[in-house]
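Structural description and commentary
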Amino acid sequence: MNRREFLKISGIACASLFAGTSRISASEPTADLVLVNGTVVTVDPLDSVVQAIAVKNGRILDVGNDARIRRYIGHSTKVIDLAGDTVTPGLIDAHAHLPFFGLRENGTWVNLQQCETKDEVLSKLAERTKKLPKGAWVHAWGIADNTHHFLNRDDLDRVSREHPILAVHTGGQWGFASTLALQISGIDKNTPNPPGAEIGRSWGGTPTGLLVHYQAIYLVRRMLPQMSYEKFEEALLFAQNLYAKEGVTAIHDNFFQVAEISSFDSVGYYLTALSSNKMPLRVKLWPYMPNLQEARRGVTDIFSGKDPAPDSDYRKLALLRTENPSLFADIWGGWKLATDAGGPTSLWYKNPSGLPMHHKEELNEMVRLFHETGQQISVHAVGDEAVDLTITSFLNALKSHPRKDHRHRIEHALAPSSIALDRMAKHGIVVCTHPQWIYKWFDWPFHKRLDMERGVIPLKSYLHHNIAVALGADPPAFPLYRPQLALWQAVARITEKKYRFSTWETIPVKTALRMQTMGSAYAGFQERDLGSIEKGKSADLVVWEENFCTAPVIRIKDIKAKMTMVGGSVVYDRDRSP
Ligand SMILES: [Zn+2]
């Protein structure tokens, strides 16, 4: 066998080994951009590490050693000497809520993240009310305490009786409203609990201010003044720029609100923003469907081919699908729904206060409807019972309408049973998880007990079962968003209070990097274009100050991006940014 034949049949395997000696013909194009003299962690199928990359028209023209890649340099080529720095594919956060994240981080909403005690929360709220005219709303996000009795309306009334206040737990699953906020929203002792949600009440039935689950919170949040498009865009850009700084190039917005449950036209705003060419990162959307009625409306309006009513929340998505299918494919992820919530009401077999978001029949029917559109479904399921219910709903839908490569997703799945793992593996169900949650959220005895029983965030078990794993930070539901924390915790599994979780679920950092790139790309049907540094893929690249794969474990969380590129364009440059 001559060398040419050998290279041909060995494909990618040998491309990197012999890269330096292959010939670039005269007709070979000149690159727009060349990065040389680096450590390029490609995350290709062989985990190849090379020295250099050539980019043309926003795509990767070639990868290999310096000698090979330098041949693409022409008069107009921009050359970056990496001086030994590490390059990885752009990281993909497979679970985030960008507008909410931006509104929390840019201070539009009062950010309660740093407040540990009730007094700190109340004084932070008071700080804001002092700056606002009477009657102006205060919306706050980020209560860290995990009990439902942390605050009540009296506490908030002490902050102000003249400003309606809504303060939400960081997970976004429950919150507290002041008396004025309850009054404006028309919530009193006669208000029934919305389906799958609860209004906290004292013995006489009077609301205490506690609102459990989205549908209860929305009774108040929808009364907030309409947000302007400019504010929305500002928050979206703010969030993306924070991500770009940490080497994230693509995001799955895994829960954005339709108008029925928010105070503004979020679908319209989002589509306008994503079509504007102003967004630095790639964003895909999974609109959240709160109930069966809304699910029916969404499915009919977007996918029936019939013209939706002029006032339909989904009209813009439906028009985009028919008029600009390629942009629709770029933006549309699939359907999002939730089986349970989080904290005290999540559905664990051992949790007597679990509160399901839907009746079983409704869950099954929603999943069936979504499945029959031929689209991906992404389901929030935290507890083991929620995971089992979700898998069953997927299997019911698949039984009546078999489909290969559906990639239906379970979001979170903190500690699935071994039977659940078998079922996920057998039926091609993808999981999106968050090793960084261990650090901040798993000091509770409940999680420690679970870990002794079966291992929480079981990354290695997922691998052994051959289950596709995507990683996402889930901000602002999770307080921290830097993906380096996920890479670190996939290895370290240690809490903020230094409790060390089972090491049998520890994976190597390079495997975690694969999950945060190729794994997340796969979960968004983007693996042909994103997730690794291979010929023909989009040039979404990050230059790092240190190599995750060789750095001491304790350093992983602190490694900073020096430059982030999306499609070959620089979206973050440390030397030029503050
Ligand atoms: Zn989430």
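For the structure, see preceding data.
The structure contained in this document is the topic of the report that follows. The structure displayed is predicted, hence computed values, not measured ones.

1. A closer look at the overall build of the protein chain
Check the secondary structure of the protein chain and you find 22 helices and 24 strands. Against the compact-globule benchmark of 25 Å for 578 residues, the protein chain has a radius of gyration of 24 Å, which places it among compact chains. Across the 578 residues in the protein chain, those meeting the buried criterion constitute 60%. Sequence separation of 24 or more characterises 73% of the internal contacts of the protein chain that already satisfy a separation of 6 or more.

2. Let's talk about the packing of aromatic side chains
Under the definition given, this model contains 27 aromatic pairs. Plain terms: the ring middles of Tyr243 and Tyr481 are 5.9 Å apart, the flat faces sit at 80° to each other, and that makes the pair edge-to-face. Residue Tyr243 is found in helix 9 (residues 229-245), and its partner Tyr481 is found in the loop between strand 21 (469-471) and helix 20 (483-492); the two are separated by 238 residues along the sequence. You'll find Tyr243 and Tyr481 in the same group, each marked buried. Aromatic rings pair up to connect Phe303, Phe328, Trp332, Trp335 and Phe370 into one cluster.

3. Topic: the coordination of the zinc ion
Distances from the zinc ion to its protein donors, namely His95 (NE2), His97 (NE2) and Asp474 (OD), fall within the range 2.1 to 2.3 Å. The motif formed by the donor residues of the zinc ion, counted along the single chain, is H-x1-H-x376-D. Separated by 377 residues along the polypeptide, His97 in the loop between strand 8 (91-96) and helix 4 (98-105) and Asp474 in the loop between strand 21 and helix 20 bring together distant segments of the chain. A relative accessible area of 8% means that His97 is categorised as buried.

4. Quick look at the sheet that holds strand 8
Across the sheet, 3 strands lie side by side as 8-15-16; this open sheet has parallel pairing. Two strands close off the open sheet at either side, each with one partner strand: strand 8 and strand 16 (282-287). For this sheet, the mean inter-axis angle between neighbouring strands, taken without regard to orientation, is 15°. The sheet contact formed by strand 8 and strand 15 (residues 248-256) spans 4 bridges and is parallel. Bridged to Ala96 within strand 15 is Asp253.

5. Overview of helix 9
Side chains of residues three or four places apart in an α-helix project in the same direction, reflecting 3.6 residues per turn. The end-to-end C-alpha distance of helix 9 is 24 Å, a good match for the 24 Å that 17 residues give at a rise of 1.5 Å each. Looking only at helix 9, the buried set comprises Tyr229, Phe232, Glu233, Ala235, Leu236, Ala239, Gln240, Leu242, Tyr243 and Ala244. At the C-terminal side of helix 9, Gly247 shows a positive phi close to 85°.

6. Digging into the pattern of salt bridges
One pass over the structure, following the stated rule, counts 31 salt bridges. Between Arg574 and Glu545 there is a salt bridge, with the nearest N and O atoms lying 2.9 Å from each other. Note that Arg574 is positioned in the segment after strand 24 (569-573) and Glu545 in the loop between strand 22 (541-544) and helix 22 (553-556), a separation of 29 residues in sequence. Of the residues examined, Arg574 reaches a relative accessible area of 31% and is grouped as partly exposed. Residue classification places Glu545 among the partly exposed positions, given a relative accessible area of 29%. In the salt-bridge network here, residues are joined through shared partners; they are Glu545, Glu546, Arg555 and Arg574.

7. What to know about the sheet that holds strand 18 (residues 377-381)
The strand order across the open sheet built from 5 strands is 17-18-19-20-21, with neighbouring strands paired in parallel fashion. The two strands at the open ends of the sheet, each matched to only one other strand, are strand 17 (335-338) and strand 21. Averaged over all adjacent pairs, the angle separating strand axes in this sheet is 25°, with direction ignored. In terms of strand pairing, strand 20 (residues 430-433) meets strand 21 through 3 bridges, oriented parallel. Among the inter-strand pairings, Thr433 is bridged to a residue of strand 21, identified as Leu471. Of the strands in this sheet, strand 18 and strand 19 (409-412) are in contact with helix 15 (residues 384-400), which crosses strand 18 at around 160°.

8. Thoughts on helix 12 (residues 315-323)
Along helix 12, the residues classified as buried are Leu317, Ala318 and Leu320. Projected down its long axis, helix 12 carries its buried residues within an arc of 160°, all on one side. The exposed residues of helix 12 that point more than 90 degrees off its buried face are Thr322 and Glu323. Among the structural elements, helix 10 (266-275), helix 11 (292-303) and helix 13 (325-331) are those in contact with the buried residues of helix 12.

9. Describing the pairing of strand 19
With 4 bridges joining them, strand 18 and strand 19 adopt parallel strand pairing. Across the sheet, residue Val379 finds its bridge partner in strand 19, namely Ile410. Handedness of the strand 18-helix 15-strand 19 crossover: right-handed. Bridge analysis of strand 19 against strand 20 gives 3 bridges, and the strand direction is parallel. What sits directly across from Ile410, in strand 20, is Val431. Chirality of the crossover, the property in question, places the unit of strand 19, helix 16 (residues 418-426) and strand 20 among those that are right-handed.

10. Topic: the side chain of Asn254
Tracing the sequence through the fold places Asn254 in strand 15. Classification of Asn254 as buried rests on a relative accessible area of 0%. Excluding residues that lie within four positions of it along the chain, Asn254 makes contacts with Ala94, His95, Ala96, His97, Trp286, Lys336, Ser378, Arg409 and Glu411.

Rules and cut-offs
- Residues numbered from 1 in each chain as written.
- Predicted model: local features only at pLDDT ≥ 70, side-chain atom pairs only at ≥ 80, totals over all residues.
- Heavy atoms only, no water.
- Helix = DSSP H or I, 4+ residues; strand = E, 2+ residues; numbered from the N terminus.
- Rg over C-alpha atoms; globule rule 2.2 N^0.38 Å.
- Buried < 20%, exposed > 50% of the residue type's maximum accessible area, 1.4 Å probe, protein only.
- Contact = heavy atoms within 4.5 Å.
- Phe/Tyr/Trp six-rings, centres within 6.5 Å; stacked < 30°, edge-to-face > 60°.
- Donors = N, O, S within 2.8 Å, 3.2 Å for Na, K, Ca; no water.
- Pairing = 2+ DSSP bridges.
- Axes fitted to C-alpha atoms, helices over the stretch in contact; angles between N-to-C directions.
- Expected span 1.5 Å × (residues − 1).
- Salt bridge = Lys/Arg side-chain N within 4 Å of Asp/Glu carboxyl O.
- Arc of directions from axis to C-beta.
- Right-handed = clockwise from strand over helix to strand, strands pointing away.

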